[in-house]
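Residue strings, one per chain:
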Amino acid sequence: MSPVAALCVLSGLPAAGKSRLARELRERAGERGWRTLLVTYDDLIPARDWRQSEWKQHRKTVLMCLERFLHQTLSDQTHTFYNQTQTLSDRTQTLSDRTQTLSDQTHTLSDQTHTLSDQTQTLSDQTHTLSDQTHTLSDQTQTLSDQTRTLSDRTQTLSDQTHTLSDQTHTLSDQTHTLSDQTQTLSDQTRTLSDQTQTLSDQTHTLSDQTQTLSDQTHTLSDQTHTLSDRTQTLSDQTHTLSEADGVWMRFEQMRQQQSVSHTHTHSQPLMVLLDDNFYYQSMRYQIQQLARKYGVGFCQVFLQCPLHVCLQRNRCRSQPVPDDVLLQMCERMEPPNEIRNPWEQQSLTLDSTDGIADGHLQKLMDLLASALENPLSPVQDASQEKEADRRICASSVLHQADQMCRRLVSQAVASAREGQASPGVQKALAKALIELKTAFLQELKKDVLHRVSVFPEEPVDMEKLLMAVSAAFQRRSHEIVCKRMTDG
């Protein structure tokens, strides 16, 4: 593929010689048949504001202009890449949907199997209970027969006592009627008092509801007022930002037109964009590198190394010098390219500009630019959907194994209770309580696992360690239930 475009960062202290070097590079690039666009930050932001907030906003606006220019210039290539990315995204989504469907079916089958197992266990417990009840009923029948004979003897004695008691009952009945009349009168009075109390309570609740409604309306009005104030401030900020961006973009367009650089892309004319600014933080240069990677163009950087006292002397001779304290701060904060710590800075060249740039160094620099054109960066592929599918599969595997483990622990606990001579009723209640615990425990575990793989997507899941922790937690909680049921039984 023929060279398309590249971004070259010219960094260093003010007055280190970047502008002079940029002009020389433009001339030599023209001799090679390259198109060049020199982006001078000082020309795009002539009224330089050294306040931190304003300075950051200006640089962000320039970066937006540069990206818009690249998008227009490389629209055909960007469109092709977008289609490829969209195709890959569609395939990834299809794979994710199929994986999710398979996972859902697996869970459904697992749930049905578990339900059948639970029903079988319940039926077995009911059979044991029925057998025990049958033996108990037989014993009770024999006891009842003996008690019946004894009861017959006592019945005759009670019959005689009943006649005597009947006479006493008639007397007590007359007294009861009198007391009933008095109780009815008291009941009517109590009901009247209750009705009055209920009426007063309803009025109190109505007043309370009205007060709460008024309070809610007051809060709502206050929230709406704050929201309106925030929107007004946001609109004001956006208007100011838009005005600044339009001004910078207008100067960017004027700069492009003055250098006769059109948006029309021809493969026979590669484009070299030279960015002239201090770029003293590596993060500033990294933004440009990421922009080059996003659009699949080349990237390189040149760092002009010049003593501070030389830069101060040259700066004072400028028509619009940078304040000395600002230049001193830049010198303290300067982060030269570091290929070892930052692999993305491998396409870098450091030149000593104390006495100017020698022709031999210029030749090395032109070779660096040619290498950047010949070796464009690879655009970043979005693998978020594949990662999301992998996280869900991992979570499903953890939950499935945890469910199997909990079922074994439940069965062991019920078997131990049976061996410990626990009554059928206790066994049944214990099995029910442990199954409810398992269901709630697995729901909590599902939320925890999904949260963990979402917050720490790059951190591998130690399955064995996680299952050991889950087993210990479930055993602790199930032991508490077993102790409580056995004690109550």
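Preceding block: the structure.
Residues numbered from 1 in each chain as written. Predicted model: local features only at pLDDT ≥ 70, side-chain atom pairs only at ≥ 80, totals over all residues. Heavy atoms only, no water.

A.B. asks: Whenever I open this one, the overall build of the protein chain confuses me. Can you help?
C.D. replies: Across its full length, the protein chain holds 11 helices and five strands. By the burial criterion, 31% of the 489 residues in the protein chain qualify as buried. Taking the contacts inside the protein chain whose residues are at least 6 apart along the sequence as the reference set, 84% of them involve residues at least 24 apart. Surface accessibility of the protein chain: about 31,500 Å² in total, with carbon and sulfur atoms responsible for 53%. (Helix = DSSP H or I, 4+ residues; strand = E, 2+ residues; numbered from the N terminus. Buried < 20%, exposed > 50% of the residue type's maximum accessible area, 1.4 Å probe, protein only. Contact = heavy atoms within 4.5 Å. Areas by Shrake-Rupley, 256 points an atom, 1.4 Å probe, with all protein chains shown as cover.)

A.B. asks: What am I meant to see in the pairing of strand 4 (residues 298-305) here?
C.D. replies: The side chains of a regular strand alternate, residue by residue, between the two faces of the sheet. Summarising burial for strand 4: seven of the eight residues are buried, a large majority. In this sheet, strand 4 lies alongside strand 1 (residues 5-11) in parallel orientation, the contact comprising six bridges. Directly across from Val 9, in strand 4, lies its bridge partner Gln 301. Pairing of strand 4 with strand 5 (residues 348-352), which is carried by five bridges, proceeds in the parallel orientation. The residue of strand 5 that forms the bridge with Gln 301 is Ser 348. (Pairing = 2+ DSSP bridges.)

A.B. asks: Honestly, the packing of aromatic side chains in this entry has me stumped. Any pointers?
C.D. replies: Note on aromatic pairs: each is described by the distance of the centres and the angle between the planes. On inspection of all chains with the given rule, the structure shows seven aromatic pairs. Here Phe 299 and Trp 344 contribute two aromatic rings whose centre-to-centre distance is 6.4 Å and whose plane-to-plane angle is 45°, an arrangement assigned as tilted. Placement of the pair is Phe 299 in strand 4 and Trp 344 in the loop between helix 7 (324-333) and strand 5, with a sequence separation of 45 residues. In this structure, Phe 299 and Trp 344 share a single accessibility class: buried. Positioned above the aromatic ring of Phe 279 is the side chain of Arg 59, whose terminal nitrogen or guanidinium carbon lies 5.2 Å from the ring centre. (Phe/Tyr/Trp six-rings, centres within 6.5 Å; stacked < 30°, edge-to-face > 60°. Lys NZ or Arg CZ within 6 Å of the ring centre and 35° of its normal.)

A.B. asks: Whenever I open this one, the sheet that holds strand 3 (residues 271-276) confuses me. Can you help?
C.D. replies: Sheets are built from strands that pair by backbone hydrogen bonding, the pairs being arranged parallel or antiparallel. Pairing is parallel across the open sheet formed by five strands, whose spatial order is 2-3-1-4-5. Looking along the sheet, the strands with just one partner apiece sit at the ends: strand 2 (35-40) and strand 5. The mean angle between the axes of side-by-side strands here comes to 20°, regardless of whether they run parallel or antiparallel. Strand contacts of helix 5 (residues 282-295): strand 1, strand 3 and strand 4, with the helix running at about 160° to strand 4, the strand carrying the most contacts. (Axes fitted to C-alpha atoms, helices over the stretch in contact; angles between N-to-C directions.)

A.B. asks: Please explain helix 6 (residues 308-316) as it appears in this structure.
C.D. replies: Each full turn of the α-helix corresponds to 3.6 residues, which orients residues three or four apart in the same direction. Buried within helix 6 we find Val 310, Cys 311, Leu 312 and Asn 315. Considering only its buried residues, helix 6 is in contact with helix 7.

A.B. asks: Looking at this structure, how should I read unusual backbone geometry?
C.D. replies: Notably, Ala 15 is not glycine yet its phi reads approximately 70°, a positive angle. The residue Ala 15 is located in the loop between strand 1 and helix 1 (18-31) in this model. Given the relative accessible area of 8%, Ala 15 is considered buried. Positioned with a positive phi, Gln 421 is a non-glycine residue whose angle comes to about 65°. Topologically, Gln 421 is positioned in the loop between helix 9 (384-419) and helix 10 (424-455).

A.B. asks: Honestly, helix 5 in this entry has me stumped. Any pointers?
C.D. replies: The end-to-end C-alpha distance of helix 5 is 20 Å, a good match for the 20 Å that 14 residues give at a rise of 1.5 Å each. Here helix 5 has its buried residues at Met 284, Arg 285, Ile 288, Gln 289, Leu 291, Ala 292 and Tyr 295. Across the axial projection of helix 5, the buried residues extend over an arc of 155°, all falling on one side. Positive phi shows up at Gly 296, right after helix 5, with a value of about 65°. (Expected span 1.5 Å × (residues − 1). Arc of directions from axis to C-beta.)

A.B. asks: Would you mind going over the pairing of strand 3 with me for this structure?
C.D. replies: Within strand 3, six of the six residues are buried, which leaves the element mostly enclosed by the surrounding structure. Looking at chain direction, strand 1 and strand 3 are connected through six bridges and run parallel. Bridging across to strand 3, Ala 5 finds its partner in Leu 271. Judged from the six bridges that link them, strand 2 and strand 3 form a sheet pairing that is parallel. By the bridge assignment for strand 3, Leu 37 is matched with Val 273.

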